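# Report on the structure
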Amino acid sequence: MGARGELFTTQVYLDNRSYFFNVKENRTGDVFLQIVESKNRDGAEADRHQIAVFSEDMQKFLQGMEKSLEFIEKDRKARQKAAREKKALKEAKYAKGSEGKKVYRVKTDKKNSKADDGIKRTGRIHVVSKKPSENN
């Protein structure tokens, strides 16, 4: 038996998280699975969270995990199917060319319209720095 009652340990490394699966035995001889998540934070100590699942509860735990994984897979497939259908509808709608597209025109207020002064106005604001230059 290893340090702190560890019988077996395996690790899974992801981008900013690590998962440790430790099979341990406590002082009374009970065997359990300890799952530890370690999440790196910017320059600080890592956040660590852990759960323990005892051997007599392992089957129920795995059944719950399996049901969750099945739901995730069904949901992923349903989302992909919906996205494909939405894309197909959009392509069918605009496949006719410009005939299917709506064209909107902006009405101008002729009372307040200014004469063309040659300046193209895009609606963007241009900011000029007022910091004095070193050459002056």
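Presented here is a report on the structure given in the accompanying data block. Model, not experiment: these values are computed from the prediction.

A few words now on the overall build of the protein chain. Assigned secondary structure in the protein chain consists of one helix and four strands. Reading the helices (α) and strands (β) of the protein chain from amino to carboxyl end gives β-β-β-β-α. Of all 136 residues assigned to the protein chain, the portion counted as buried reaches 10%. Sequence-distant contacts, at least 24 apart, represent 9% of the contacts inside the protein chain between residues at least 6 apart. For the protein chain, the exposed surface amounts to about 13,400 Å²; the carbon and sulfur share of it is 52%.

One open sheet holds the four strands; their spatial order is β1-β2-β3-β4, and the pairing between them is antiparallel. Single-partner strands in this sheet number two, and they are β1 (6–13) and β4 (47–54). Averaged over all pairs of adjacent strands, the angle between strand axes in this sheet comes to 15°, irrespective of strand direction. With respect to the sheet, helix α1 (residues 58–94) is in contact with β3 (31–39) and β4, its orientation differing from that of β4 by roughly 120°.

Let us look at the pattern of salt bridges. Considering all chains together, one arrives at three salt bridges under this definition. Residue R79 pairs with D75 through a salt bridge whose shortest N-O separation is 2.8 Å. With R79 and D75 both in helix α1 and four residues apart, the pair spans about one turn of that helix.

A separate point is a nonpolar patch on the surface. The grouping of M65, L69, F71 and I72 at the surface amounts to a nonpolar patch, some 420 Å² of accessible area in total. Mapped onto the fold, I72 is located in helix α1.

The next thing to look at is the side chain of E37. In this fold, E37 is placed in strand β3. At a separation of 2.4 Å, a polar atom in the side chain of E37 contacts the side chain of R17. If we ignore the near neighbours within four places in the chain, the residues touching E37 are R17, S18, Y19, D47, R48 and H49.

Let's shift gears to the packing of aromatic side chains. Enumeration according to the criterion identifies one aromatic pair in this entry. Judged by centre distance (5.3 Å) and plane angle (45°), the rings of F32 and F54 are tilted. Residue F32 is located in strand β3, and its partner F54 is located in strand β4; the two are separated by 22 residues in the primary sequence. For F54, a relative accessible area of 29% gives the class partly exposed.

So, on to the environment of L7. Its place among the elements puts L7 in strand β1. Residue classification places L7 among the partly exposed positions, given a relative accessible area of 45%. As for L7 and F32, which are separated by 25 residues in sequence, their C-alpha atoms are 9.8 Å apart.

Scoring rules and cut-offs
- Residues numbered from 1 in each chain as written.
- Predicted model: local features only at pLDDT ≥ 70, side-chain atom pairs only at ≥ 80, totals over all residues.
- Heavy atoms only, no water.
- Helix = DSSP H or I, 4+ residues; strand = E, 2+ residues; numbered from the N terminus.
- Buried < 20%, exposed > 50% of the residue type's maximum accessible area, 1.4 Å probe, protein only.
- Contact = heavy atoms within 4.5 Å.
- Areas by Shrake-Rupley, 256 points an atom, 1.4 Å probe, with all protein chains shown as cover.
- Pairing = 2+ DSSP bridges.
- Axes fitted to C-alpha atoms, helices over the stretch in contact; angles between N-to-C directions.
- Salt bridge = Lys/Arg side-chain N within 4 Å of Asp/Glu carboxyl O.
- Patch = residues over 30% accessible without salt bridge, like charges linked within 9 Å, V, L, I, M, F, W, Y side chains within 5 Å.
- Polar contact = N/O pair within 3.5 Å; in protein donor to acceptor, adjacent residues only side chain to side chain.
- Phe/Tyr/Trp six-rings, centres within 6.5 Å; stacked < 30°, edge-to-face > 60°.

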